[in-house]
There are 4 protein chains.
Amino acid sequence: MASVAVIGAGGFAGALCAAIAERHPRLELDVVTARTDAGRLLSDLYPRYRVERKLETYDADRVAEACDAAFVAYPHGAAAPTVEELRTRGLRVVDLSADFRVPQELYERWYGPHPAPGLLGGAVYGLTEMNREAIRGADLVAAPGCYPTAALLALLPLKELAADAYVDAKSGVSGAGREATETTHFVSVAENLKPYKVEGHRHQAELDAYFGPATFVPHLLPIDQGLMASCYVRPNRDIDADEVRALYEDAYRDDPFVEVVDAPPGVRDVRDTNLCRIHATSVNGTVMAFAAIDNLWKGAAGQAVQDLNLMLGYDETDGLL
Amino acid sequence: MASVAVIGAGGFAGALCAAIAERHPRLELDVVTARTDAGRLLSDLYPRYRVERKLETYDADRVAEACDAAFVAYPHGAAAPTVEELRTRGLRVVDLSADFRVPQELYERWYGPHPAPGLLGGAVYGLTEMNREAIRGADLVAAPGCYPTAALLALLPLKELAADAYVDAKSGVSGAGREATETTHFVSVAENLKPYKVEGHRHQAELDAYFGPATFVPHLLPIDQGLMASCYVRPNRDIDADEVRALYEDAYRDDPFVEVVDAPPGVRDVRDTNLCRIHATSVNGTVMAFAAIDNLWKGAAGQAVQDLNLMLGYDETDGLL
Amino acid sequence: MASVAVIGAGGFAGALCAAIAERHPRLELDVVTARTDAGRLLSDLYPRYRVERKLETYDADRVAEACDAAFVAYPHGAAAPTVEELRTRGLRVVDLSADFRVPQELYERWYGPHPAPGLLGGAVYGLTEMNREAIRGADLVAAPGCYPTAALLALLPLKELAADAYVDAKSGVSGAGREATETTHFVSVAENLKPYKVEGHRHQAELDAYFGPATFVPHLLPIDQGLMASCYVRPNRDIDADEVRALYEDAYRDDPFVEVVDAPPGVRDVRDTNLCRIHATSVNGTVMAFAAIDNLWKGAAGQAVQDLNLMLGYDETDGLL
Amino acid sequence: MASVAVIGAGGFAGALCAAIAERHPRLELDVVTARTDAGRLLSDLYPRYRVERKLETYDADRVAEACDAAFVAYPHGAAAPTVEELRTRGLRVVDLSADFRVPQELYERWYGPHPAPGLLGGAVYGLTEMNREAIRGADLVAAPGCYPTAALLALLPLKELAADAYVDAKSGVSGAGREATETTHFVSVAENLKPYKVEGHRHQAELDAYFGPATFVPHLLPIDQGLMASCYVRPNRDIDADEVRALYEDAYRDDPFVEVVDAPPGVRDVRDTNLCRIHATSVNGTVMAFAAIDNLWKGAAGQAVQDLNLMLGYDETDGLL
């Protein structure tokens, strides 16, 4: 058993970390913190998660005293100093922000000056299927962004094959976070579908770092949870559908949360699960891969728990099935 | 032809007033104003309405110079002083706020001190089907609230018959306005249905004023536009389904926007129309009436135009079919 | 441990029975059957439930050999003969159809001739909060309908107090079952809300049997899962909000799946849970109670498992938290 | 004035043709036919269109006697013989099926043997922005498919520039037609997004015929109306965002229904309009164009009316603004 904290449990991803930890057979959820919602019960904010714990104001010493590990679910920039405080006090940390996902140069191109560059070297990118061994030994893991999780799982098996890659990604609104804005207003989203940040979305950095050049365009979907990465790749050699399929089955043979399937998945297939469902094929010379995840599970909180399971030497699937 | 202004055209109801006026055969839309969005094109805010007019900062003299009549689509409290300025300058006004809908005493019980009590006496409640003649002669008409529009159309034929009345009303999110709040966040609304303000909603005042005592509870629906009032009445004498049906057909025989139908309507039946569809019957001693409207049309902007048509001596349906 | 079958696992409720049983600490799911989908994997029909079992053609002997208990999730009329076969072979049965929910006379008024009247006497109505002790000793339990589950939980504490009762109920589309019809077509439901069967819905029978006369009108909601019963009661004596609240807290003090709350619940609060959230109050002489459930969980499969837990002497919450 | 018929007015596209014709200043709607719904009022099937006409059984002579022109909204294969009957009788026809959209060889590759090859030579492809002059002189026009309408409007300005083209298209459910199937069941669609027919969708034929090779993948969106084509093109020479933008502005300068805009459109921007909104740019060497339409308007019925307007010598926008 390990004792854990969730820092920033008022947001969508943090709240789900808490919900998963609360039911996890080998984690004990001891501290949940929030900024604006401190003092409220987490179960008042998210009734269906049924976590009847009071949100506290964050205090590094209190967290360090009570816990062995922490999930930090703060916005980028705000996360790094908190991660630093907790690492200094010896806690294992899974950070859900962008602060430790990519090398400093890439980070600064997309996000501005890095708030804690000294920690970057020791951080491991937490895409389990890519970095499982490194995660096992890590004290600080950066859980990937939701878009890169789906896009990388769809694209990595093609890394050596891709002459060009196009990622048309679609995400439910929970990916935009809990803040009420014109963008997240029900009337803006309902009966709509819209591309956004076509000139460049920050999650591009993770694709650049771990796959290579790719055209990436996100779209906002009129649903709550769910994310699809539809990937189109011009291959640098002929490859037929059977070979594509075999490539994916080999790549993910031992990954408990990736399902390679015979037909295109829907995001509904994986709702409220930590699964990534992928269909890959080749049609008229274009290689296609479609990866569906739940953006809050495999795209955020579920993957963060998967990471911590590995860091603590637990079974990767504990608490996630 | 009359020249009109829409004051507060940035909000949902005001914008639709402008859209209807723009295509109206006998109105000329000359001024649209907004507070936070002044300087922007209305067509940038609401592309599908295709009204390519620049939103101006409100100026009473400018409006009075350019226009014969105005729709005021401000929140209650803010509306009354503006209405007063425009009335003083001689414009006919349809006010979409609550400021002139009910007598002063009722107003002050629900909304606080009235900002312009001197105008209340001359204001006519703009439920066309109830007040057609009075509206024809009026210079100031208060367009009814969305909930009372549906509830009153469903209940008024039963006024003499009702021992008790219960109104379970359901509205789409556009009824909550354009402000981004936790309540209007897509993730709060999607896959949800929720009663609210069960202890008392301000629209109760209009039911009290024009129907009498009734239990009224609103619910928020996960749709954009549309409102249903499901009304249950314990009658003070026996009345069968045929008699109920005849009562409604008589009541609405000459009303171009009320359809009395043989089966329960859906709110989708009237989407983007100024219609109110009503089904009324009697089952095991309970009289039931279900009224469906589009909350932005018959529940706000459409009805406001219907009012102005009458005030200007036009056909009631001009611009609305 | 008990070994269980789900008969009719291709439908929404049956599939969820299977999913809950598959993860239940004291049940072993051994047989899943389906009519039109026999031969397919349940996980192909419902990927997110992740139950990788092949649907078999129903065979009473095969089920009896493999299992101690069965969930029967057939339509009314078709269920009773199957239940009879399994009871004859000694299995404990939870039936999810209407066939054993109400006394014969009431059944025949709403559903037609009863297919197995001999079993009716021994069947227990499975609303746990009402019938817990009787369920513990039963061999055949009839899981309540989704509407009556919410309506009865909202109304039963008022049984002695109600002079009149009105139930305005709203259900998500999964309540209409898996059959593709004009009613369940996405385009019929989206951006809609519609009352239906206002002249009489079969679930009225359960209200009549266990509460008494009530006006009950169902509405179809544009959501997948979730059901709200908004109940309005004219009391036969004065009762204030505090007393109403106390009545509900007393009634449900020991019920693990009923939450009495201070504000109106949303159906989203209980999505994918076996909870019923109730808010009850009194406003201007009308008593109101709002009960939210997930129609597939507490309204069907979750409650069926809750029933079987009791029948088998397990903790009522096993597999349901 | 011209007198028109809608053959197949029970389906989504046919019904909208009737609704537009009914309000059109220069068309008189004289006959609406349907197969399974003959005898019903169109306003019972589609209340919000408010077309109170009785659906008749199709009779070529009756149509020819009453009408100058007809919209045929039958499925492919069934449309051609009907078109032939009406053309033989001298009516101008806009066919909404696939039967006359592409040359015979392409047709037969995707759809099977052509039912009326003799008419193919005289048919004009009704993408107004591409074929305006030919449409003006035509007696038989084939209204384009919904996907090709958006994709071609997005891609045609790049025809000479494209080395490779990828079209990731997303459509609302009304595009799947009125038939109730597992695919169109609300529970299948809600909270979902799914690619389909990735191995080849019949609308590919129109892209092949009028643009050239392109990878095209459709997705089903959880909305009623609306379609987005997100197009990614690898250009055969360097081209920057300004030049791309200029290309589109030139291409569509005189097209009343195409709006070239500065930011990505949402499908909601064009809901219930005949507009196509396009944003085109170049990012890191990839040219992108996003085209949003309402699949039932510009993607079907609206465009069909636009075609007929031209065929009859009317203003292209009559009845469509």
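Along each chain, residue indices are assigned from 1 in the same order as the chain's sequence is written. Lettering for chains starts from A, numbering for ligands starts from 1, and both go in the order in which the items are written. Per-residue local features are limited, in this predicted model, to residues with pLDDT of at least 70; the limit for side-chain atom pairs, both in listing and counting, is 80 or more; totals at the level of whole chains, interfaces and linings are taken over all residues. Side-chain measures here rest on the full set of heavy atoms in the structure, leaving out hydrogens and waters.

This part covers the pairing of strand 12 (residues 276-283) of chain C. Residues and elements named next belong to chain C. When a residue's accessible area, from a 1.4 Å probe over protein chains only, is under 20% of the maximum for its type it is buried; when over 50% it is exposed; and in between it is partly exposed. In this description a helix means any DSSP run of H or I spanning at least four residues, a strand means any run of E spanning at least two, and both kinds are numbered starting from the N terminus. Of all eight residues in strand 12, eight are buried; the element is thus mostly enclosed. In strand 12, alternate side chains face the same way, and those of Cys 276, Ile 278, Ala 280 and Ser 282 on one face and Arg 277, His 279, Thr 281 and Val 283 on the other are all buried. The criterion for strand pairing is that DSSP finds at least two bridges linking the strands in question. By the bridge criterion, three bridges tie strand 11 (residues 258-260) to strand 12 in an arrangement that is parallel. Paired with Val 258 across the strands is Cys 276, a residue of strand 12. Bridge count for strand 12 against strand 13 (residues 286-293) is eight bridges, and the pairing is antiparallel. Bridge pairing in strand 13 places His 279 opposite Phe 290.

Taken together, the contacts link 38 residues of chain D with 38 residues of chain A. In this assembly, chain D packs against chain A so that about 3400 Å² is buried in total across both faces, 60% of it on carbon and sulfur atoms. Buried area counts how much accessible surface, traced with a 1.4 Å probe, disappears from two parts once they are put together, with both parts' losses summed. Per-residue buried area on chain D facing chain A is highest for Tyr 166, Glu 191 and Arg 268 of chain D; these three make up 21% of the total on that side. Salt bridges are identified by distance alone: a Lys or Arg side-chain nitrogen within 4 Å of an Asp or Glu carboxyl oxygen. Between the two partners, chain D and chain A, sit six salt bridges. Linking Asp 168 of chain D and Lys 170 of chain A is a salt bridge whose minimum nitrogen-to-oxygen distance equals 3.0 Å. Identification of polar contacts relies on pairs of N or O atoms within 3.5 Å, with a donor-acceptor requirement for protein atoms, meaning one able to donate a hydrogen and the other able to accept it, and with residues adjacent in sequence counted only if both atoms are side-chain atoms. Counting the contacts that link chain D with chain A gives 26 residue pairs in polar contact (both at pLDDT 80 or more). We call Asp, Glu, Lys and Arg charged. Ala, Val, Leu, Ile, Met, Phe, Trp, Tyr, Cys and Pro are nonpolar, and the rest, Gly among them, are polar. Class assignment of the residues belonging to the side of chain D that touches chain A gives a composition of 18 nonpolar, 10 polar and 10 charged. Residue contacts follow a heavy-atom distance rule, with two residues in contact if any of their heavy atoms lie within 4.5 Å.

With that settled, the discussion passes to the relation of the copies chain D and chain C. Under the fitted operation, chain D is carried onto chain C by 0.0 Å of movement along the axis and a turn of 180 degrees, and the coordinates agree to an RMSD of 0.0 Å. On this basis, the relationship between the two copies can be described by a two-fold rotation axis. Taking C-alpha positions as reference, the residue of chain D nearest the rotation axis is Phe 186 of chain D, located at 2.1 Å. In this assembly the copies share their binding face: 100% of the residues contributing to the interface of chain D also contribute to that of chain C. Least-squares superposition aligns the copies on the C-alpha atoms of those residues with pLDDT at or above 70 in both.

This brings us to the relation of the copies chain D and chain A. Once chain D is rotated about the relating axis by 180 degrees and shifted along it by 0.0 Å, it coincides with chain A to within an RMSD of 0.0 Å. The residues that chain D uses at the interface reappear at the interface of chain A in 100% of cases, marking a shared surface.

With that settled, consider the sheet that holds strand 12 (residues 276-283) of chain A. Residue and element names in this part refer to chain A. Taken in spatial order, the seven strands make up an open sheet running 8-9-7-10-13-12-11, and their pairing is mixed. Single-partner strands in this sheet number two, and they are strand 8 (194-195) and strand 11 (258-260). In this structure, strand 7 (residues 162-171) lies alongside strand 10 (residues 227-235), joined through nine bridges in antiparallel fashion. When the sheet's bridge partners are listed, Asp 164 is paired in strand 10 with Arg 234. In the packing of helix 8 (residues 146-155) onto the sheet, contacts are made with strand 7, strand 9 (215-220), strand 10, strand 12 and strand 13 (286-293), and the angle to strand 10 comes to roughly 40 degrees. To get an axis, fit a line to the C-alpha atoms, keeping to the stretch in contact for a helix; angles then go from 0 to 180 degrees between the N-to-C directions. This element, helix 11 (residues 241-251), spans strand 11, strand 12 and strand 13 of the sheet and lies at about 155 degrees to strand 12.

Buried Ala, Val, Leu, Ile, Met, Phe, Trp, Tyr and Cys residues that are joined via side-chain atoms within 4.5 Å together make up what is termed a nonpolar core. Counting residues in each nonpolar core, the largest one holds 261 residues, and the members touching the most others are Phe 71 of chain A, Phe 71 and Leu 308 of chain B, Phe 71 and Leu 96 of chain C together with Phe 71 of chain D. For Phe 71 of chain B, the residues in contact, after removing those within four places along its chain, are Val 4, Ala 5, Val 6, Ile 7, Cys 17, Val 94, Leu 96, Ala 304, Val 305 and Leu 308 of chain B.

Residue and element names in this part refer to chain C. Ordered by their spatial adjacency, six strands build an open sheet running 2-1-3-4-6-5, and the pairing between neighbours is parallel. Two strands bound the open sheet, and with one partner strand each, they are strand 2 (27-33) and strand 5 (124-125). Helix-sheet contacts for helix 12 (residues 297-311) involve strand 1 (2-7), strand 2, strand 3 (69-72), strand 4 (92-95) and strand 6 (140-142), and the interaxial angle to strand 4 is about 155 degrees.

pLDDT gives the predictor's per-residue confidence on a scale running from 0 to 100. Residue-level pLDDT values for chain A average 97, and 100% of them are 70 or greater. Among the prediction metrics, the complex's ipTM stands at 0.97, with pTM recorded as 0.97.

This paragraph deals with the packing of aromatic side chains. We call Phe, Tyr and Trp rings a pair once their centres come within 6.5 Å, taking the six-membered ring for Trp, and we label the pair stacked below 30 degrees between planes, edge-to-face above 60, and tilted otherwise. Counted according to the given criterion, the structure contains 36 aromatic pairs over all chains. Arranged with centres 6.3 Å apart and planes meeting at 35 degrees, the rings of Tyr 232 of chain A and Tyr 166 of chain D form a pair that is tilted. Of the two residues, Tyr 232 of chain A is situated in strand 10 and Tyr 166 of chain D in strand 7 (residues 162-171); the pairing between them involves two chains. Each member of the pair, Tyr 232 of chain A as well as Tyr 166 of chain D, is classed as buried. For the pair Tyr 46 of chain C and Tyr 49 of chain C, a centre-to-centre distance of 5.7 Å together with 15 degrees between the ring planes defines the contact as stacked. Note on accessibility: Tyr 46 of chain C and Tyr 49 of chain C belong to one class, buried. An aromatic cluster of at least three residues, connected via ring pairs, comprises Tyr 166, Tyr 232 and Phe 290 of chain A together with Tyr 166, Tyr 232 and Phe 290 of chain D.

A few words now on the state of the cysteines. Linking two cysteines covalently through their sulfur atoms gives a disulfide. Residue and element names in this part refer to chain C. Criterion for a disulfide: a pair of cysteine sulfur atoms within 2.5 Å. Within the structure shown, the criterion is met by zero disulfides over all chains. With no disulfide of its own, Cys 276 lies 9.8 Å from the sulfur of Cys 231, the closest cysteine sulfur. Exposure remark for Cys 276: the relative accessible area of 0% places this residue in the buried category.

Time to look at the packing of helix 8 (residues 146-155) of chain B against helix 12 (residues 297-311) of chain B. Residue and element names in this part refer to chain B. Taken N-terminus to C-terminus, the directions of helix 8 and helix 12 make an angle of 100 degrees; their axes are 8 Å apart at the nearest point. Taken together, the axes of helix 8 and helix 12 lie roughly perpendicular to each other. Residues Cys 146, Thr 149 and Leu 153 of helix 8 touch helix 12, and the partners they reach there are Lys 298, Gly 299 and Gln 303. For the contact of helix 8 with helix 12, a count of residues per class yields two nonpolar, three polar and one charged. Angle categories: roughly parallel below 35 degrees, roughly antiparallel above 145, roughly perpendicular from 65 to 115, and oblique for all the rest.

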